[in-house]
There are 2 protein chains.
Amino acid sequence: MRILGIDPGSIKCGYGLIEATTPNPSLFYLSSGRIILSARKPLHIRLQELYTSLIDVISEYKPDEIVIEKIFFAKSVRVALSLGHTRGVVLLAASLTGIPIYEYSALEVKKAVVGYGRADKNQVQKLVKEILNIKHLLSSDSADAIALAICHANTKQIQHPSPIYRFTKQI
Amino acid sequence: MRILGIDPGSIKCGYGLIEATTPNPSLFYLSSGRIILSARKPLHIRLQELYTSLIDVISEYKPDEIVIEKIFFAKSVRVALSLGHTRGVVLLAASLTGIPIYEYSALEVKKAVVGYGRADKNQVQKLVKEILNIKHLLSSDSADAIALAICHANTKQIQHPSPIYRFTKQI
């Protein structure tokens, strides 16, 4: 099963694809990246570029499930509006593909990946690289997106008696 | 010139179509309505339904220009996130049609339609009905959307020496 995590930000939108095998659960890193929204362009153009890029990513990777970060908090109303615009487009793009969508909050993701909900970005990045045996550089946006996918795989696999993760495959 | 105003709300999204003739500026009411987002459905399904409905409205009315409310404020971060989701999808749907998009704040719209920025919803509704000679019931969401279109027509026609509005046609 291919799981695509998407971390919607108002300037950078990270994504990460992993493969979770069943019934013997193993996680493999497949790919990741980020879509950067040019602050110089009008908002509707930025959102259109985000939408087009997301549709391209989903068409290329053909995930079985998509995981998007749930957002409850923001520094201010202005930031919340900006994040809301991006997240609305991400949810729409995913929804239009017909692929099942799952949502987890940052707290749930950090608990699932690092072990506690107050972990910082560097810890998430480090743990994601360790869990999936990623040797190359990984932006924090991509790491957050991959962490969403890991959290989902982990949550789904809770029913299994002994989840063992092996981390070798990379494309 | 057909102008479509869209007032993005997190539960109800109003729209209103007017015709503004040039060079002798007159405004005519053409149509209006609102898209109601079912609170019972998952957010991504609501956003997809909003998107599909908006694309249908734009395809049917074929406006020359689209006007969308600019939002700076919200009661809380939670409300701002919710409004942002809707507005992101509205901006995307409009942008994908390739029709020029214009944005005005509620303050600018109230100033243009009622004459002062602190007018309430009832005053906007009343003035919109008077300006366009609308005899039937008009929801405040639709009135706000039509007010956006009037504001745009008015702002564009500021260069004209004496804007006179005649308000008879209705479909």
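Residues numbered from 1 in each chain as written. Chains lettered and ligands numbered in written order. Predicted model: local features only at pLDDT ≥ 70, side-chain atom pairs only at ≥ 80, totals over all residues. Heavy atoms only, no water.

As named in an unreviewed UniProt entry, chain A is Crossover junction endodeoxyribonuclease RuvC, taken from Dissulfurispira thermophila. UniProt's Catalytic activity (unreviewed entry) comment on chain A is quoted here verbatim: "Endonucleolytic cleavage at a junction such as a reciprocal single-stranded crossover between two homologous DNA duplexes (Holliday junction)." For chain A, the Subcellular location (unreviewed entry) comment in UniProt is given as "Cytoplasm". (UniProt positions renumbered as here; feature names shortened; annotations may be inferred.)

Novice: Break down unusual backbone geometry for me, citing the residues and quoting the values.
Specialist: Positive phi outside glycine occurs at N133(A), with the angle close to 55°. Along the chain, the position of N133(A) falls in the loop between α4 (121-132) and α5 (140-156). Residues other than glycine seldom take positive phi values, yet K62(B) does so here, at roughly 45°. The topology assignment puts K62(B) in the loop between α1 (43-61) and β4 (65-70). Its relative accessible area of 58% is what places K62(B) among the exposed residues. (Helix = DSSP H or I, 4+ residues; strand = E, 2+ residues; numbered from the N terminus. Buried < 20%, exposed > 50% of the residue type's maximum accessible area, 1.4 Å probe, protein only.)

Novice: Just give me the short version of the packing of helix α2 (residues 77-97) of chain A against helix α2 (residues 77-97) of chain B, but keep the residues and values in it.
Specialist: Contact geometry for α2(A) and α2(B): axes closest at 6 Å, N-to-C directions at 45°. In terms of their interaxial angle, α2(A) and α2(B) are classed as oblique. Where α2(A) crosses over α2(B), the two elements pack in a sense that is right-handed. Where α2(A) approaches α2(B), its residues V77(A), A80(A), L81(A), L83(A), G84(A), H85(A), R87(A), G88(A), V89(A), L91(A) and L92(A) are matched on the opposing element by V77(B), A80(B), L81(B), L83(B), G84(B), H85(B), R87(B), G88(B), V89(B), L91(B) and L92(B). Looking at the contact of α2(A) with α2(B) residue by residue, the classes come out as 14 nonpolar, 6 polar and 2 charged. (Axes fitted to C-alpha atoms, helices over the stretch in contact; angles between N-to-C directions. Parallel < 35°, antiparallel > 145°, perpendicular 65-115°, else oblique. Left-handed = near helix turned anticlockwise from the far one by under 90°. Contact = heavy atoms within 4.5 Å. Nonpolar A, V, L, I, M, F, W, Y, C, P; charged D, E, K, R; others polar.)

Novice: Explain the side chain of S142(A) to me, using residue names and the numbers behind them.
Specialist: Residues and elements named next belong to chain A. Relative to the assigned elements, S142 resides in helix α5. S142 gets classed as buried once you look at its relative accessible area, which sits at 4%. Once residues lying within four places of it in the same chain are set aside, the contact partners of S142 are G14, Y15, S32, G33 and R34.

Novice: Please set out the UniProt feature "active site" (unreviewed entry) in chain A residue by residue, giving values where relevant.
Specialist: Residues and elements named next belong to chain A. Under the UniProt annotation, "active site" (unreviewed entry) lies at D7, E69 and D141. Maximum C-alpha separation among the annotated residues is 11.6 Å over a sequence range of 135 residues, consistent with a single clustered spot. The residues touching D7, leaving out its near neighbours within four places in the chain, are K12, C13, G14, E69, D141, D144, A145 and L148. Within the element layout of this structure, D141 appears in helix α5. Those residues within four positions of D141 in sequence are excluded, and the remaining contacts are D7, K12, G14 and R34. Here the side chain of D141 touches R34 through a polar contact of 2.9 Å, side chain to side chain. (Polar contact = N/O pair within 3.5 Å; in protein donor to acceptor, adjacent residues only side chain to side chain.)

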